[in-house]
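Listed below, chain by chain, are the residues.
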Amino acid sequence: MKALQRCKIFSSYFYAQRRNLSSVADATLQKAAEEEEFDSVWKCKDTNILPFLHRTVQECAKERAAMNGKCVHSQIIKLGYEADTLTTNMLINMYSKCGLVDYARKMFDEMPHRTLVSWNTLMGSYIQKKDGEEVFHLFVQMQREGTQFSGFTVSGVLCACAAKFAVFESKQLHAFALKVSLESNVFVSTALLDVYAKCGLMNDAFRVFDSMPERNDVTWSSMVAGYVQNELYEEAIMFFHRLQKSRVEHNQFTLSSIISACAALAALLEGNEVHAIVRKTGFGANLYVASSLVDLYARCGCIDEAYIVFSNAEVKNAVIWNSMISGFARNARPLEAMKLFEKMQLAGFYPTEVTYVSVLSACGHMGLVDKGRIYFDKMKKEHNLSPNVYHYSCMVDILGRKGLVEEATDLIENMPFAATPSMWGSVLASCRVHGNVEVAEIAAKHLFELEPNNAGNHVLLSNIYASKRRWGDVASTRKLLKDSEAKKERGKSWIQIKDKVHTFMVGERNHPSIIEVYSRLDELLVGMEKLGYKGKTEHDLHDVEESRKHELLRHHSEKLAFTFGLTCLPSNAPIRIMKNLRICGDCHSFMKFASKVTGREIIVRDVNRFHHFANGSCSCGEFW
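Quantities reported herein were computed from a predicted structural model and do not represent experimental measurements.

A. Looking closely at the nonpolar core. Judged by nonpolar contacts, the single largest core of 139 residues is most densely connected at I258 and V427. Examining the composition of this core, we find that eight residues originate from one element, helix α11 (residues 186–198), more than from any other. If we ignore the near neighbours within four places in the chain, the residues touching V427 are V396, V405, A408, T409, I412, V439 and A443.

This is the structure:
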């Protein structure tokens, strides 16, 4: 604090000097105490002035005080210390920290003698500015001048490569590091694997990691983050287990990354284990870790647990607010999402584009067209946010779910963006629910052009024709599908029991417990039929006999996954099922009856949202 106070005193004095350079005696300070302290410093021997100036420059760099730093610089020039290499390096660092890279470069260019620190400091400033081209030019110039370099220099240039995703330059630097025997340097190796990971070359990143004689927590963290960034979530979890065996200390970046991997896989068991590590290591207060935990529990359907983590976060930022609002919207809790949206603003946080995607999604899950329109207009009027393609997609979904498919089509055709496949897919799905064949044909035509290899669009149009008993159109649509190269994604459901994931498909025959599953399912259906359950054959759109339709519906993948969970999980444990497609109407009805007959909580995550079944009802309120 004293050094900073002296910096302010010095700065005040220097500012006075710029206005009146006649003599030191003419400068006046406002407070007598400050004047006495300044005089005591100024009257010291010349040998003590330079260290004091150095401390002052360092304080200016630390506080990002650019104006004060310039004042100190002017006094350094006046006192004749501008040629001192150490002083100039400190000034370059100060200007870099203050974001004045041009000033730093001018000082660097005018230096009569440069040291390694001079080069590294200036390169660091360009790296912070994300000016990779200039970093490369400096490194080449440095080599041409024969300046000695260090591992820190090479790792800095590699960081610039990572920011630019410069694969070719990275491999050149890798070869250079091998040539000058720097490949074993922990900083160079960590920077190398980081740049390979960011460029999507995880095999190369792992080879660098595996050859390292020395590793630190940053090295391990970079590898875990690399796997997550490249959507290699299972590999990330396996690598994290290896990290635990190595007894390396966890840091907040590693924990945040691995929690994100668990969230992407909806791997609740592994997520709970990592949460236990978070509690043990004391990183629960870290905002990145807390936000990742909120997202994990929300993606696993544990929305109450997500809210507990959110509520216990002592400090909140926009990211954790957005994670919680998104979690409520995804888990069929739209009213809570909207309330939290208002609380976020009362807490002093401005909604972002991500926030509005969540609240618009919540409106879509409840069919709140008017509310959705209000939020959509509010973005621009109140928060000066321009709706992007995701917001338009949400509005299309809101209108389509409510049956306003013509208005949804008009919105797509008049928006300032090219339509995405998901938009027309949403319209086509809404036409299936509301039976609008004309708009369905328009949407399907666009989808056939945008996604020629997606057989699901052909099947959905065929199903719309089938619901209207237009079997001729069904036949022609299926012939078109057969003649094309499009492939239909097969529906599957999976459930995690302990540390193993069990996957089922319709009519499954390969699972080792499938005979027991079918037997238990038959028993369950008998009890459900006594309560009034009947298979909704209108959801099977094959042109076959009614009895055959019942048989096809009976063994849908989510029913098999549920029955398997019923046989394996404790009676008080909820049954969590994941599905790669949208849950059909018959399976939705099945889960409601099953929750009542068995007294179990059933959570199904399909491609769109979570469905929480309990005591014969679903959280979606029959609107999905």
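B. Layout of the side chain of S358. Assignment of secondary structure puts S358 in helix α21 (residues 353–366). Given the relative accessible area of 6%, S358 is considered buried. Sequence-distant contacts of S358, defined by excluding residues within four places in its chain, comprise N322, I325, S326 and A329.

C. Spatial organisation of unusual backbone geometry. Located in the positive-phi region is S181, a residue other than glycine, with phi close to 60°. Positionally, S181 belongs in the loop between α10 (167–179) and α11. Given a relative accessible area of 54%, S181 falls into the exposed group. Even without glycine at this site, N384 takes up a positive phi of about 55°. In this fold, N384 is placed in the loop between α22 (369–383) and α23 (389–401). Relative accessible area serves as the criterion here: at 59%, N384 is assigned to the exposed category.

D. Summary view of the side chain of R609. In this fold, R609 is placed in the loop between β4 (602–605) and β5 (610–614). Buried charge without a partner: R609 forms no salt bridge, and the closest opposite charge is D606, 6.4 Å away. At a separation of 3.3 Å, a polar atom in the side chain of R609 contacts the side chain of H365.

E. Broad picture of helix α14 (residues 233–245). With 13 residues, α14 should reach 18 Å at 1.5 Å per residue; the first-to-last C-alpha distance of 19 Å fits that figure. Within the sequence span of α14, burial applies to A236, I237, F239, F240 and L243. All buried residues of α14 fall inside an arc of 165° around its axis, so they share one side. Of the residues in α14, the exposed ones pointing more than 90 degrees away from the buried face are E234, M238 and K245. Those residues of α14 that are buried lie in contact with α12 (202–210), α13 (217–229), α15 (252–265) and α16 (268–281).

F. Just the sheet that holds strand β3 (residues 575–579), in detail. With mixed pairing, six strands are arranged side by side in an open sheet as β2-β1-β3-β4-β5-β6. At either end of the open sheet lies a strand with only one pairing partner, and these are β2 (500–505) and β6 (617–618). Relative to β2, strand β1 (residues 492–497) is paired through six bridges, and the arrangement is antiparallel. Directly across from K492, in β2, lies its bridge partner M505. Helix α31 (residues 557–568) rests against β1, β2, β3 and β4 of the sheet, and its axis sits at about 15° to β1.

G. Highlighting the pairing of β5. In terms of burial, β5 is largely enclosed, as four of its five residues are buried. Note that β4 and β5 share four bridges and pair antiparallel. Of the residues in β5, the one forming a bridge with I603 is H612. Hairpin geometry of β4 and β5 is characterised by an intervening segment of four residues between the two adjacent antiparallel strands. With two bridges connecting them, β5 and β6 associate as antiparallel partners. Note that in β6 the partner of A614 across the bridge is S617.

Cut-offs used in this document
Residues numbered from 1 in each chain as written. Predicted model: local features only at pLDDT ≥ 70, side-chain atom pairs only at ≥ 80, totals over all residues. Heavy atoms only, no water. Core = buried A, V, L, I, M, F, W, Y, C linked by side-chain atoms within 4.5 Å. Buried < 20%, exposed > 50% of the residue type's maximum accessible area, 1.4 Å probe, protein only. Helix = DSSP H or I, 4+ residues; strand = E, 2+ residues; numbered from the N terminus. Contact = heavy atoms within 4.5 Å. Lys, Arg positive; Asp, Glu negative; His and termini not counted. Salt bridge = Lys/Arg side-chain N within 4 Å of Asp/Glu carboxyl O. Polar contact = N/O pair within 3.5 Å; in protein donor to acceptor, adjacent residues only side chain to side chain. Expected span 1.5 Å × (residues − 1). Arc of directions from axis to C-beta. Pairing = 2+ DSSP bridges. Axes fitted to C-alpha atoms, helices over the stretch in contact; angles between N-to-C directions.

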